[in-house]
Amino acid sequence: MVDQIIPRIIPINNTAGALAVIPAVLQKANSETVDRRQRQLRDLRISVTDRCNFRCTYCMPKSVFDQNYPYLAQDALLRFEEITRMTQIFASLGVEKIRLTGGEPLLRKNLETLVAMLAQVRTPTGQKLDLTLTTNGSLLRKKAQLLKNAGLQRITVSLDALSDAVFKTMNDVDFAVGDVLDGIEAAKEAGFESIKVNMVVKKGVNDHEILPMAQHFRNSGITLRLIEFMDVGTSNGWNMAEVLPSQAVIKQIDAAFPLQSLEPNYVGEVAQRWRYADGAGEIGVISSVTQTFCHTCTRARLSTDGQLFLCLFAHQGVDFKTLLRSGSSDVEIANAIMNTWTKRDDHYSEIRGSHTPTVNTAARKVEMSYIGG
Ligand code: SAM
Ligand code: SF4
Ligand code: SF4
């Protein structure tokens, strides 16, 4: 049974894609509700699969994610109708941005159908949601146009190096750089105007690829974002010694291609923005380890099997699949979301220790492939 923070007014029946009918007065109350650190709920990341065709060493190392790994069974996954219903309820509570992620989201069969359903969701003021996706790019050549036609607005592709040897060491499945670049090209051809590239930087592994990556994406209209290696989950053997602080990344790029800092696009933007002084475009750094941004964290995460997590480094989620499958109304689900949000006190990055616990400790953090990056 869910605690109610607002009175239940009308039991609401819902069908997939239909507008969730949360009474306006409750929408307003909820969209202004803050957590214990005065943060509003604004973004939702949805993991559509916990599986991936890569084995990036910093995310799904082969030693842990092998044939015996207990991936979710098909019937445990939220169905497209359930994801759409949750999204509509989140939208009615003030969420404006949706990011589809995983695992590798393009492995989810007919993902474009889900995108088309989510493209119908509206905010209380009738606006479309900002609908975006993060992918390893391996299936983009096949999927980019379908996704664009379905209503996906923006896309982020992960690529950690331009050198095949380095990239293959990191993806650990012998996947070639050229195929990711071809996926990015397919996204351009499909008409995506905003394309970003995420590069996770591991000191001593791919930091010598920073300049080649910067050089490659200058003047391309694509924004390269360099991400500090994070201690997500318990599998990736994270150690502070392998983190290259974003400040050092910026210093390196600035020495070759002078940079100027830019204001954030909006409050709570995760990446710090920089522009090339010669007008060759923009880059961003995400300093989740060395310059934390918990104080502006407005994100919630819906796992592949419908658990709601409010922090990337959480140990436990709140089960919404059961609510969805047991006849709860939209108002009840909205109540449960806000009840979870108002209790939230997460600020992990501000208090992290220097080592990730080992796989066998009781205090296991959930894996990123499960709750979505
Ligand atoms: N498979 C997709 C991909 O790789 O783009 C989407 C899911 S992945 C978990 C989302 C993002 O998280 C990727 O850009 C990935 O590089 C990043 N990521 C994964 N593990 C990370 C880690 N330990 N530290 C920093 N970023 C990480
Ligand atoms: Fe797969 Fe993305 Fe994780 Fe790499 S970062 S293993 S591509 S989910
Ligand atoms: Fe948000 Fe948790 Fe990351 Fe802090 S550590 S920014 S609370 S997800």
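This text goes with the structure placed above it.
Treat the numbers as computed from the prediction; the structure is a model and nothing was measured.

(A) Spatial organisation of the overall build of the chain. In terms of helices and strands, the chain carries twelve helices and twelve strands. For 373 residues, the compact-globule estimate of 2.2 N^0.38 gives 21 Å, and the chain sits close to it at 20 Å. Across its three principal axes, the chain shows a C-alpha extent of roughly 60 × 45 × 40 Å. Residues counted as buried form 56% of the 373 residues belonging to the chain. Nonlocal contacts in the chain, meaning residues at least 24 apart in sequence, comprise 74% of its contacts between residues at least 6 apart. Element-wise, carbon and sulfur atoms account for 51% of the exposed surface of the chain, whose accessible area totals about 15700 Å². Distance between charge centroids for the chain: 3 Å, based on 42 positive and 40 negative side chains.

(B) Highlighting the sheet that holds strand β3 (residues 130-135). With mixed pairing, the twelve strands of this open sheet are ordered in space as β7-β8-β9-β6-β5-β4-β3-β2-β1-β10-β11-β12. Looking at which strands have only one partner, the edges of the open sheet turn out to be β7 (259-261) and β12 (318-319). Bridge analysis of strand β11 (residues 307-309) against β12 gives two bridges, and the strand direction is antiparallel. Bridged to glutamine 307 within β12 is aspartate 319.

(C) Representation of the site of ligand 3. For ligand 3, the full set of nearby residues is Phe293, Cys294, Cys297, Arg299, Arg301, Cys311, Leu312, Phe313, Arg344, Asp346, Tyr348 and Ser349. Within the shell around ligand 3, the residues separate by chemical class into seven nonpolar, one polar and four charged.

(D) Structural detail: unusual backbone geometry. If you check the backbone angles, aspartate 172 has positive phi at about 60° while not being a glycine. Mapped onto the fold, aspartate 172 is located in the loop between α5 (164-171) and α6 (177-189). Positive phi, normally seen in glycine, also occurs at aspartate 174, with a value near 65°. With respect to the helices and strands, aspartate 174 occurs in the loop between α5 and α6. Looking at aspartate 174, the relative accessible area reads 57%, which means it is exposed.

(E) Molecular detail of the pairing of strand β6 (residues 223-228). Most of β6 is tucked away: six of the six residues are buried. In β6, alternate side chains face the same way, and those of Thr223, Arg225 and Ile227 on one face and Leu224, Leu226 and Glu228 on the other are all buried. In the sheet, strand β5 (residues 194-201) pairs with β6 via six bridges, with the strands oriented parallel. Counted as the bridge partner of asparagine 198 is arginine 225 from β6. The parallel pair β5 and β6 is bridged by helix α7 (residues 210-217), and the resulting crossover is right-handed. Across four bridges, β6 lies against strand β9 (residues 282-286) in parallel orientation. Within the sheet, the bridge partner assigned to isoleucine 227 lies in β9 and is isoleucine 286.

(F) Main features of the pairing of strand β2 (residues 97-101). The buried fraction of β2 amounts to four of the five residues, a majority that puts the element mostly inside the structure. One ladder, built from five bridges, connects strand β1 (residues 43-47) with β2; its direction is parallel. By the bridge assignment, isoleucine 46 is partnered in β2 with leucine 100. In terms of handedness, the path from β1 via helix α2 (residues 80-92) over to β2 forms a crossover that is right-handed. Pairing analysis gives four bridges linking β2 to β3, with the strands arranged parallel. Paired with leucine 100 across the bridge in β3 is leucine 133. Following the backbone out of β2, through helix α3 (residues 111-118) and into the adjacent parallel β3, one traces a crossover that is right-handed.

(G) Expanded view of the nonpolar core. Phe90, Ile98, Leu100, Leu226, Ile253 and Ile337 are the most contacted members of the largest nonpolar core, which has 114 residues in total. Top element by residues in this core is helix α10 (residues 330-342). It accounts for seven residues. When residues no more than four places from it in sequence are discounted, the contact partners of leucine 226 are Met199, Val201, Ile210, Val249, Ile253, Ile283, Gly284, Val285 and Ile286.

Reading the values: rules and limits
- Residues numbered from 1 in each chain as written.
- Chains lettered and ligands numbered in written order.
- Predicted model: local features only at pLDDT ≥ 70, side-chain atom pairs only at ≥ 80, totals over all residues.
- Heavy atoms only, no water.
- Helix = DSSP H or I, 4+ residues; strand = E, 2+ residues; numbered from the N terminus.
- Rg over C-alpha atoms; globule rule 2.2 N^0.38 Å.
- Buried < 20%, exposed > 50% of the residue type's maximum accessible area, 1.4 Å probe, protein only.
- Contact = heavy atoms within 4.5 Å.
- Areas by Shrake-Rupley, 256 points an atom, 1.4 Å probe, with all protein chains shown as cover.
- Lys, Arg positive; Asp, Glu negative; His and termini not counted.
- Charge placed at Lys NZ, Arg CZ, Asp CG, Glu CD.
- Pairing = 2+ DSSP bridges.
- Near = heavy atom within 4 Å.
- Nonpolar A, V, L, I, M, F, W, Y, C, P; charged D, E, K, R; others polar.
- Right-handed = clockwise from strand over helix to strand, strands pointing away.
- Core = buried A, V, L, I, M, F, W, Y, C linked by side-chain atoms within 4.5 Å.

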